[in-house]
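Chain by chain, the residues:
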Amino acid sequence: MHLNTNNNILGLSVMYLGIPESRNDSIPLDQVLKDPHRIDYVKQHLYRISKEVKNGVNVKGYFYWTLFDALEWGLGTNTRYGLYFVDYNDNLKRIPKQSAKWLREFLLSNGTQTAC
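Residues numbered from 1 in each chain as written. Predicted model: local features only at pLDDT ≥ 70, side-chain atom pairs only at ≥ 80, totals over all residues. Heavy atoms only, no water.

1. Side note on the overall build of the chain
Step number 1: Summing up its helical and strand segments, the chain has 3 helices and 6 strands in all.
Step number 2: Listing the helices and strands of the chain from first to last along the sequence gives β-β-α-α-β-β-β-β-α.
Step number 3: Within the chain, the fraction of its 116 residues that count as buried is 33%.
Step number 4: A fraction of 57% describes how many contacts in the chain between residues 6 or more apart in sequence connect residues 24 or more apart.
Step number 5: For the chain, the accessible surface area stands at approximately 7900 Å², while carbon and sulfur atoms represent 55% of it. (Helix = DSSP H or I, 4+ residues; strand = E, 2+ residues; numbered from the N terminus. Buried < 20%, exposed > 50% of the residue type's maximum accessible area, 1.4 Å probe, protein only. Contact = heavy atoms within 4.5 Å. Areas by Shrake-Rupley, 256 points an atom, 1.4 Å probe, with all protein chains shown as cover.)

Structure below.
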């Protein structure tokens, strides 16, 4: 993908990107919290965005969908997108997935840390 910088005067925000997963309460919590595929997904987007910034595209922001597993109007709580696992059986307790921890470290390192 390459964007024409002449048509991007106001800037571009990249948003509503996420990986849907079907809710499956029988998977053990320690497995649910491991989501290297989500980390790879975010890395790929950030890599492509950085290439476009280097090509002159005025990118103003990147917004991952969504921070927490959420209620989706059409699907209820049957689909999970979040960087944080929401335990619907334990008072909506929120537990960071591997991807949440990775993203925090990535942001604190100003993008220099890339390992899972």
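So that's the structure; there's more coming.
2. A few points about a nonpolar patch on the surface
Step number 1: Taken together, the side chains of Met15, Tyr16, Phe63 and Trp65 define a hydrophobic patch exposed on the protein surface, amounting to about 440 Å² of accessible area.
Step number 2: Tracing the backbone through its elements, the reader meets Trp65 in the loop between β3 (59-64) and β4 (79-80). (Patch = residues over 30% accessible without salt bridge, like charges linked within 9 Å, V, L, I, M, F, W, Y side chains within 5 Å. Salt bridge = Lys/Arg side-chain N within 4 Å of Asp/Glu carboxyl O.)

3. Some words on helix α3 (residues 98-108)
Step number 1: Here α3 has its buried residues at Ser99, Ala100, Trp102, Leu103 and Phe106. Seen along its axis, α3 keeps its buried residues to an arc of 160°; they face one direction. In α3, the exposed residues that point more than 90 degrees away from the buried face are Lys101, Arg104 and Leu108.
Step number 2: Looking at the buried residues of α3, the elements they touch are α2 (36-54), β5 (84-87) and β6 (93-96).
Step number 3: Looking at the residues trailing α3, positive phi occurs at Asn110, about 55°. (Arc of directions from axis to C-beta.)

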